[in-house]
Amino acid sequence: MDWYFKCPLCAKERRTDWGNVGELIRCGLCKKSRKVPGPSDQPDAYVGDHSWPIDMEREVFRIKGKDCIIDGCRDKEITLDHIKAHSKGGRTSVGNLQPMCKSHNSSKNDSDFYIWLRENRLKARQ
Ligand SMILES: [Zn+2]
Ligand SMILES: [Zn+2]
């Protein structure tokens, strides 16, 4: 799985294999070696796939909690939702993922989260 992150030194976008997170690699642009940042270091760093690695899921739960993002929803079967749909260019990153129950997630499908909320008269929890 490809992992797109910003070099901590030159801030240019770099790509490596997800398996290299935490490993020392040399940036081809600034020619310096640094550890590859992970999802807790860079919330906007993203994987190239629709599905996410377990470490990214843990980080989303740590920041946003493990309950469905819909206010008042008590459904405990939780998955992650792409706030901006992956099919519409939304990235698989901590910043673009949020916890959502499977039934709300299948209703949302690939709609934009905020439009879908409005159309269904739902609110996101704070
Ligand atoms: Zn660099
Ligand atoms: Zn829900």
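This text gives an overview of the structure that appears in the document. (Residues numbered from 1 in each chain as written. Chains lettered and ligands numbered in written order. Predicted model: local features only at pLDDT ≥ 70, side-chain atom pairs only at ≥ 80, totals over all residues. Heavy atoms only, no water.)

**Observations concerning the coordination of the zinc ion (ligand 2)**
Octahedral metals with six donors have ideal donor angles of 90 or 180 degrees. Tetrahedral metals with four donors have an ideal donor angle of 109.5 degrees.
And step 1. Only Cys-68 (SG), Cys-73 (SG), Cys-101 (SG) and His-104 (ND1) from the protein reach the zinc ion (ligand 2) as donors, at distances of 2.0 to 2.3 Å.
And step 2. Given four donor atoms and angles of 100 to 115° at the metal, the environment of the zinc ion (ligand 2) is assigned as tetrahedral.
And step 3. All donors to the zinc ion (ligand 2) come from one chain, and their sequence spacing reads C-x4-C-x27-C-x2-H. Within this pair, whereas Cys-73 is found in the loop between α1 (54-64) and β6 (78-82), its partner His-104 is found in helix α2 (residues 102-108), the two being separated by 31 residues in sequence.
And step 4. Residue class for Cys-73 comes out buried when judged on its relative accessible area of 17%. (Donors = N, O, S within 2.8 Å, 3.2 Å for Na, K, Ca; no water. Tetrahedral: all angles 85-135°; square planar, octahedral: opposite > 155°, others 65-115°. Helix = DSSP H or I, 4+ residues; strand = E, 2+ residues; numbered from the N terminus. Buried < 20%, exposed > 50% of the residue type's maximum accessible area, 1.4 Å probe, protein only.)

**Description of the environment of Pro-99**
And step 1. Mapped onto the elements, Pro-99 comes out in strand β8 (residues 97-101).
And step 2. For the pair Pro-99 and Asn-109, spaced ten residues apart in the sequence, the C-alpha separation amounts to 14 Å.
And step 3. In contact with Pro-99, other than residues within four places in its own chain, are Val-60, Phe-61, Lys-64, Gly-65, Asp-67, Cys-68, Ile-69, Ile-78, Thr-79, Leu-80 and Arg-125. (Contact = heavy atoms within 4.5 Å.)

**A short note on the coordination of the zinc ion (ligand 1)**
And step 1. At 2.3 to 2.4 Å from the zinc ion (ligand 1) lie its protein donor atoms, namely Cys-7 (SG), Cys-10 (SG), Cys-27 (SG) and Cys-30 (SG).
And step 2. Between the four donor atoms coordinating the zinc ion (ligand 1), the angles at the centre fall across 103 to 119°, so the site counts as tetrahedral.
And step 3. Along the chain, the residues donating to the zinc ion (ligand 1) are arranged with the sequence spacing C-x2-C-x16-C-x2-C. Highlighted residues: Cys-10 in the loop between β1 (2-6) and β2 (13-17) and Cys-30 in the loop between β3 (24-26) and β4 (33-35), separated in sequence by 20 residues.

**Section: α1**
And step 1. Those residues of α1 that fall on the buried side of the exposure criterion are Met-56, Glu-59, Val-60 and Phe-61.
And step 2. Elements in contact with the buried residues of α1: β1, β5 (46-47), β6, β7 (92-93) and β8.
And step 3. Looking one or two places after α1, you find Gly-65, whose phi comes out positive at around 80°.

**A closer look at the pattern of salt bridges**
And step 1. Following the criterion strictly, the structure yields six salt bridges and no others.
And step 2. Note that Asp-2 is salt-bridged to Arg-15, the shortest N-O span being 3.7 Å. Here Asp-2 is found in strand β1, whereas its partner Arg-15 is found in strand β2, with 13 residues between them in sequence.
And step 3. You can call Asp-2 partly exposed: its relative accessible area is 29%.
And step 4. Between Asp-55 and Arg-58 there is a salt bridge, with the nearest N and O atoms lying 3.0 Å from each other. Of this pair, Asp-55 and Arg-58 both sit in helix α1, three residues apart, which is roughly one turn of the helix.
And step 5. A relative accessible area of 40% places Asp-55 in the partly exposed class.
And step 6. Residue class for Arg-58 comes out exposed when judged on its relative accessible area of 52%. (Salt bridge = Lys/Arg side-chain N within 4 Å of Asp/Glu carboxyl O.)

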